[in-house]
There are 2 protein chains.
Amino acid sequence: MARKSTAVDPLRLDNQICFAVYSATHAFNRVYKPLLDRLGLTYPQYLVMLVLWERDDVPVKEIGEKLFLDSGTLTPLLKRLEAAHLVRRTRSREDERQVLIALTPQGHALKEKARSVPQSILAASDCSVSELVAMKDEIVALRDRLNAVIGE
Amino acid sequence: MARKSTAVDPLRLDNQICFAVYSATHAFNRVYKPLLDRLGLTYPQYLVMLVLWERDDVPVKEIGEKLFLDSGTLTPLLKRLEAAHLVRRTRSREDERQVLIALTPQGHALKEKARSVPQSILAASDCSVSELVAMKDEIVALRDRLNAVIGE
DNA sequence: TCACATTTAATTGTTCGCAATTGAATGTGC
DNA sequence: GCACATTCAATTGCGAACAATTAAATGTGA
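Quantities reported herein were computed from a predicted structural model and do not represent experimental measurements.

### Comments concerning the pairing of strand 3 (residues 99–103) of chain A
Residues and elements named next belong to chain A.
Point 1. Burial of strand 3 is extensive: five of the five residues sit out of reach of the surface.
Point 2. The pairing of strand 1 (residues 58–59) with strand 3 spans two bridges and is classified as antiparallel. Among the inter-strand pairings, Pro-59 is bridged to a residue of strand 3, identified as Leu-100.
Point 3. Strand direction decides the pairing type here: strand 2 (residues 87–91) and strand 3, joined by five bridges, are antiparallel. Paired with Arg-89 across the strands is Ile-101, a residue of strand 3.

### Overview of the packing of aromatic side chains
Point 1. All chains considered together, the criterion is met by twelve aromatic pairs over all chains.
Point 2. An angle of 45° between the planes, with centres 5.7 Å apart, marks the rings of B:Tyr32 and B:Tyr46 as tilted. Of this pair, B:Tyr32 sits in helix 1 (residues 17–37) while B:Tyr46 sits in helix 2 (residues 43–54), and the two are 14 residues apart along the sequence.
Point 3. Relative accessible area serves as the criterion here: at 0%, B:Tyr46 is assigned to the buried category.
Point 4. An aromatic cluster of three or more residues is present, and its members are A:Phe19, A:Tyr22, B:Tyr32, B:Tyr43, B:Tyr46 and B:Phe68.

### Some thoughts on helix 4 (residues 71–83) of chain A
All names here are of chain A.
Point 1. Compared with an ideal rise of 1.5 Å per residue, which puts 13 residues at 18 Å, helix 4 spans 17 Å between its outermost C-alpha atoms and is within 8% of the ideal.
Point 2. Along helix 4, the residues that are buried comprise Leu-74, Leu-77, Leu-78 and Leu-81. Along the axis of helix 4, the buried residues cluster in a sector spanning 105°; they form a single face. Turned more than 90 degrees off the buried face of helix 4, the exposed positions are Gly-72, Arg-80 and Ala-83.
Point 3. Next to the buried residues of helix 4 lie helix 2 (43–54), helix 3 (60–67), strand 2 and strand 3.
Point 4. His-85 sits one or two positions beyond helix 4 and adopts a positive phi of about 65°.

### Notes on a nonpolar patch on the surface
Point 1. Together, A:Leu122, A:Val129 and A:Val133 give the surface a local cluster of nonpolar side chains, amounting to about 210 Å² of exposed area.
Point 2. By the secondary structure assignment, A:Val133 is in helix 7 (residues 129–150).

### A look at the sheet that holds strand 1 of chain A
All names here are of chain A.
Point 1. Spatial strand order, 1-3-2: three strands in an open sheet with antiparallel pairing. One side of each edge strand has no neighbouring strand; the edge strands of this open sheet are strand 1 and strand 2.
Point 2. Lying on the sheet, helix 4 is in contact with strand 2 and strand 3; it crosses strand 2 at an angle near 120°.

### A look at the sheet that holds strand 2 (residues 87–91) of chain B
Point 1. Ordered by their spatial adjacency, three strands build an open sheet running 1-3-2 (chain B), and the pairing between neighbours is antiparallel. Every other strand in the sheet has two partners, leaving strand 1 (58–59) and strand 2 of chain B as the edge strands with one partner each.

### Overview of the protein's contact with DNA strand C
Point 1. Taken together, 29 residues are adjacent to DNA strand C, and A:Tyr22, A:Lys79, A:Arg89, B:Thr42 and B:Arg80 come closest.
Point 2. Counting only atoms of DNA strand C within 4 Å of the protein, the sugar-phosphate share comes to 75%.
Point 3. Separating a phosphate oxygen of DNA strand C from a backbone N or O atom of A:Val60 is a distance of 3.2 Å.
Point 4. Here B:Arg80 contributes a side-chain N or O atom positioned 2.3 Å from a phosphate oxygen of DNA strand C.
Point 5. Counting residues per element, the ones that place at least two in the surface near DNA strand C are helix 1 (17–37), helix 3, helix 4 and strand 2 of chain A together with helix 2 and helix 4 (71–83) of chain B.

### Details of the interface of chain A and chain B
Point 1. Counting from both sides, the interface comprises 54 residues of chain A and, opposite them, 54 residues of chain B.
Point 2. Contact with chain B buries surface across chain A, with A:Leu11, A:Tyr22 and A:Leu146 losing the most and accounting together for 13% of the total.
Point 3. Along the contact surface separating chain A from chain B lie two salt bridges.
Point 4. Among the salt bridges present, the one from A:Arg12 reaches B:Glu54, with a minimum N-O distance of 3.2 Å.
Point 5. Those elements giving two or more residues to the side of chain A that touches chain B turn out to be helix 1, helix 2, helix 3, helix 5 (105–114), helix 6 (117–125) and helix 7 of chain A.

### Overview of the environment of B:Leu67
Point 1. Here B:Leu67 lies in helix 3 (residues 60–67).
Point 2. Those residues in contact with B:Leu67, other than ones at most four positions away along the chain, are A:Leu13, A:Phe19, A:Tyr22, B:Leu47, B:Val48 and B:Val51.

Rules behind the numbers
- Residues numbered from 1 in each chain as written.
- Chains lettered and ligands numbered in written order.
- Predicted model: local features only at pLDDT ≥ 70, side-chain atom pairs only at ≥ 80, totals over all residues.
- Heavy atoms only, no water.
- Buried < 20%, exposed > 50% of the residue type's maximum accessible area, 1.4 Å probe, protein only.
- Helix = DSSP H or I, 4+ residues; strand = E, 2+ residues; numbered from the N terminus.
- Pairing = 2+ DSSP bridges.
- Phe/Tyr/Trp six-rings, centres within 6.5 Å; stacked < 30°, edge-to-face > 60°.
- Expected span 1.5 Å × (residues − 1).
- Arc of directions from axis to C-beta.
- Contact = heavy atoms within 4.5 Å.
- Patch = residues over 30% accessible without salt bridge, like charges linked within 9 Å, V, L, I, M, F, W, Y side chains within 5 Å.
- Areas by Shrake-Rupley, 256 points an atom, 1.4 Å probe, with all protein chains shown as cover.
- Salt bridge = Lys/Arg side-chain N within 4 Å of Asp/Glu carboxyl O.
- Axes fitted to C-alpha atoms, helices over the stretch in contact; angles between N-to-C directions.
- Near = heavy atom within 4 Å.
- Polar contact = N/O pair within 3.5 Å; in protein donor to acceptor, adjacent residues only side chain to side chain.
- Buried area = accessible area lost by both parts, 1.4 Å probe.

Structure representation (structure tokens):
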């Protein structure tokens, strides 16, 4: 039998969890797009705003740690948020290396407009909250194991 | 009680499955990077090669449907694969609008070097195959429900 | 104190990802 | 057969994402 069953072929696209995750990310993005367009945000910008709505006046570094992004991504993104008058960027006075990101009143106010987003996503997921929470926890656990490998 | 429990705050970053998926995608990418560097491929290029290793001489459209990507992404990517002598791009003679993508001998040969990749990912996942398969199936089902909403 | 390493953002260059548009080839309805 | 719509890839422009480098501020050890 030269031919392996496709069900267990490890190089088969449909068998790869990473492609499942990769394509699910894009699917989420496409669902979010029209919702976030109304807020004038892209999805990564929305993530930064979520961080800031939880805690304001945060160094770039800390945003990067929470979102797993580096300054190469965040610096231009934050400049766009600043250009949209949603955040202000100021050097920390205690440590001049740090740039602190603070919400403007408009940035704060946007939170109210964002409140309807999660329930729209929940509806699109067509799934119970408890199922989604369970999946989320599994995926986070997998992500953390992968990230642990990267740090050797 | 003005303050909601953070455990159920729908705008909280840690409660969002989409962020779990988004950050897991990046974690996978970082694990794949050193493995794919040895093949001279990026992750999206690797996905295209997976499609071609399953079936050769495929129109761009079909690759796009399998990977959920459009020509704006695929055209330059395929040109880079062509520049790397892994694929050839030819207009279909039956339908001159279509561009068919075929593996070169080098593109075919690369499959052997790629065989070790999935098991490295499995090891990094630190998880049983059956657990991964179950997660994959759940994520694919969620992705498909999300994609169904997009098409109205 | 002073040389040296570390930390932090910013910058540069390459590659995705997608919306919107273009242009050529094909299909269709009359 | 001919106007019309549709299909398909390519193109353009913008916003991530990240590696690698730079530069400034800070910390550390002798």
